[in-house]
Amino acid sequence: MKKMNPKNKNGVKITGTGSYAPPLSVSNDDLAKILDTTDEWVYTRTGIRHRYFNEGRPNYTMAVEAAKNALENAGITAEDIDYIMLSTCTPDFFYPITACLVQNETGALNAACIDINAACTGFVAGLEMARGLLYSGYDRILFIASECLTPQVDFYDRATSVLFGDGAGAVVLERADKTFASVMKAKGVSADEPILYYKIDYEANTPFGGKTPDYAKKLQMGGKDVYKFAVEAMPEAAKAACEKAGFALDEIDLFIPHQANIRIVQTAVKSLGVSMEKVYTNIENHGNTSSACMPVCLDELNRAGRLKEGMKLCLVGFGAGLTYGAIVMEI
Ligand code: UT7
C-alpha cells in the first residue's frame, strides 16, 4: 500500500454529528416472546441486549431526523450544504434515491444528491468518497447512513433476526489540513452463494411464466462464514490504513469498528494487539444497524465530549459483498 506524503494532509473535519434511534426499543426478552431464543444466548454470543425497530415507518424518516440533528450540531442550515451523500442497503425505493427525499424534507435546496451502497461497510466507503468530493470542489457535505433492516429480516430465523436493529447517523464534513488515509477492499462472491444477502425474487413476478406475484425473499446469512471473514478482514484493513497514514497502531486513540458482534470485535482487536479500552462499542444497546453503526457511534462520542481535536481515529468495517475497509483520520 502506497504511503501518503505527510505534507499532503488532504483530510476532513467533522463539523457536526447527529443520530436517530426509533422509539420502539426491543430487548432480547421481547424477542424471546416471538422466537425460540433467550437473553442469555443472544448476549453471550453477540453482546446485544437491545435494538430499536422503526416498525411500520420508512427508512428515510430516520435519515431526516439524523440529518437535522447533525445540521443543528454543526450550527448551519440545510441551505449551507452543497452535497448530500446517503449510505443505505435498505432503501425505501430503488428510485428515487433516499438522499433526494432527505433534501426535500430538510430544504437543502443547494445540494447535489447521491446514494451509495457498500452494505455494512457503507460509512467507511462513503467517507472516502466524501473526501474525494470535498477536494473536487464541494465545500460542505452532509453524509448520512440510514438503515431500516427490520422489513428485510426473517423473524422465523432466530440466528439472524436477533442481530439487527434500525437507526441512522449523520456527519457534516469539510476540508481540513489533517491526515486521512483510507483502504477499501472487497472479496467478490458468487451470485449462487452470496453468503449474506437480500435478494429480489425475480421468479415471483412473472405473469407470463405462470407464477403469481409474491414478496421478496428475506435476509439470508451464513453466520459462520461471515464471522470467519470479519475477524481476518478487519485487522487487515486497520493495519493497512495505519500504514498508509504513517501511524503505528498504538498511536490510534480510538477504534470504531462495525458493530456486528462483540465477539468479532474482541477477536479482531486481539489480533491487532490493541486494548479494548481503545475501542468504542454500542452494540449492547443498538444491535447491528449496518452502515449506520459508525456515525451513530461518532454522534454518541461527540455528544459525550469524547472527540477531541487532534485525536486519531480508526474506523474499520466489513459487510456483504464481501466489502471491507478502514479509515485512519485525525480529527
Ligand atoms: O454486518 C454483518 C452481519 N453479520 C454478522 O456479523 C454475523 C456473523 N456471525 C455471527 O455473529 C454468528 O455466527 C451468529 C451470532 C449469527 C451465530 O452464532 P454461532 O455461534 O455461529 O451459532 P450457530 O449458528 O453455530 O448456532 C449454534 C446453535 C445452533 O443450535 P444447535 O444446532 O447447536 O442445536 C443454533 O440453532 O445455536 C442455535 N441458535 C440459537 N439459539 C438460541 C442460533 N440462533 C439462536 C438464537 N437463540 N437466537
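For the structure itself, look to the data block above.
Each value, and the rule that gives it
Residues numbered from 1 in each chain as written. Predicted model: local features only at pLDDT ≥ 70, side-chain atom pairs only at ≥ 80, totals over all residues. Heavy atoms only, no water. Helix = DSSP H or I, 4+ residues; strand = E, 2+ residues; numbered from the N terminus. Expected span 1.5 Å × (residues − 1). Buried < 20%, exposed > 50% of the residue type's maximum accessible area, 1.4 Å probe, protein only. Contact = heavy atoms within 4.5 Å. Near = heavy atom within 4 Å. Polar contact = N/O pair within 3.5 Å; in protein donor to acceptor, adjacent residues only side chain to side chain. Pairing = 2+ DSSP bridges. Axes fitted to C-alpha atoms, helices over the stretch in contact; angles between N-to-C directions. Salt bridge = Lys/Arg side-chain N within 4 Å of Asp/Glu carboxyl O. Patch = residues over 30% accessible without salt bridge, like charges linked within 9 Å, V, L, I, M, F, W, Y side chains within 5 Å. Areas by Shrake-Rupley, 256 points an atom, 1.4 Å probe, with all protein chains shown as cover. Lys, Arg positive; Asp, Glu negative; His and termini not counted. Charge placed at Lys NZ, Arg CZ, Asp CG, Glu CD. Core = buried A, V, L, I, M, F, W, Y, C linked by side-chain atoms within 4.5 Å. Domains from an automatic or database assignment.

Moving on to helix α3 (residues 59-74). An ideal rise of 1.5 Å per residue puts 22 Å on 16 residues; α3 measures up with 23 Å between its terminal C-alpha atoms. Among the residues of α3, Asn59, Thr61, Met62, Ala63, Val64, Ala66, Ala67, Ala70 and Leu71 are the ones counted as buried. Its buried side turned inward, α3 meets β1 (10-20), β4 (83-87), α4 (98-106), β6 (141-147) and β7 (167-177).

What surrounds the ligand is a group of 23 residues, the closest being Thr37, Arg45, Arg158, Lys224 and Asn261. With respect to the ligand, the side chain of tryptophan 41 contributes an N or O atom lying 3.3 Å from an oxygen atom. The separation between an oxygen atom of the ligand and a polar side-chain atom of lysine 224 is 2.6 Å. At the level of elements, α2 (39-46), α6 (158-161), α7 (223-245) and α8 (262-272) are the ones that each hand at least two residues to the shell around the ligand. Ranked by residue count, the leading element in the shell around the ligand is α7, at four residues.

Moving on, we get to the sheet that holds β6. In spatial order, the strands read β1-β7-β6-β4-β5; together these five strands make up an open sheet with mixed pairing. In this open sheet, the two strands that pair with only one neighbour each are β1 and β5 (112-116). Strand-to-strand twist across the sheet, computed as the mean angle between neighbouring axes with direction ignored, equals 20 degrees. Of the strands in this sheet, β4, β5 and β6 are in contact with α4, which crosses β5 at around 140 degrees.

Our next topic: the pattern of salt bridges. Considering all chains together, one arrives at 10 salt bridges under this definition. Where lysine 33 meets aspartate 30, a salt bridge forms, and the shortest distance between an N and an O atom there is 3.4 Å. Look at aspartate 30 and you get partly exposed, because its relative accessible area is 30%. With its nearest N and O atoms 2.9 Å apart, the salt bridge here joins glutamate 174 to arginine 140. With glutamate 174 in strand β7 and arginine 140 in the loop between α5 (122-134) and β6, the pair connects residues that are 34 residues apart, well separated along the chain. The partly exposed category is assigned to arginine 140, whose relative accessible area is 24%. When salt bridges with common partners are traced through the structure, they connect Asp39, Arg49 and Glu284 into a single cluster.

Omega for the peptide link from tyrosine 95 to proline 96 comes to 5 degrees, which places this bond in the cis form. Along the polypeptide, proline 96 turns up in the loop between β4 and α4. Cis geometry is adopted by the peptide bond preceding leucine 322, which originates at glycine 321 and carries an omega value of 0 degrees. One can find leucine 322 in the loop between β12 (312-319) and β13 (323-330). Of note, alanine 119 is a non-glycine position whose phi angle comes to about 55 degrees, a positive value. The topology assignment puts alanine 119 in the loop between β5 and α5.

Take the pairing of β5 next. Relative to β5, β4 runs parallel, the two sharing five bridges. Residue pairing in the sheet places methionine 85 in a bridge with isoleucine 114 of β5.

A surface patch of like charges, here positive, comprises Arg45, Lys224, Lys228 and Arg263. Summarising the element assignment, lysine 224 is placed in helix α7.

So, on to the nonpolar core. In terms of nonpolar packing, the biggest core is built from 47 residues, with Ile252, Phe255, Ile264, Cys314, Val316, Phe318 and Val328 touching the most fellow members. When residues of this core are traced back to their parent elements, those giving at least two are β8 (180-186), α7, α8, β12 and β13. No other element matches α7, which puts 12 residues into this core. Here this core gathers at least three residues from each of two domains, domain 1 (10-177) and domain 2 (182-330).

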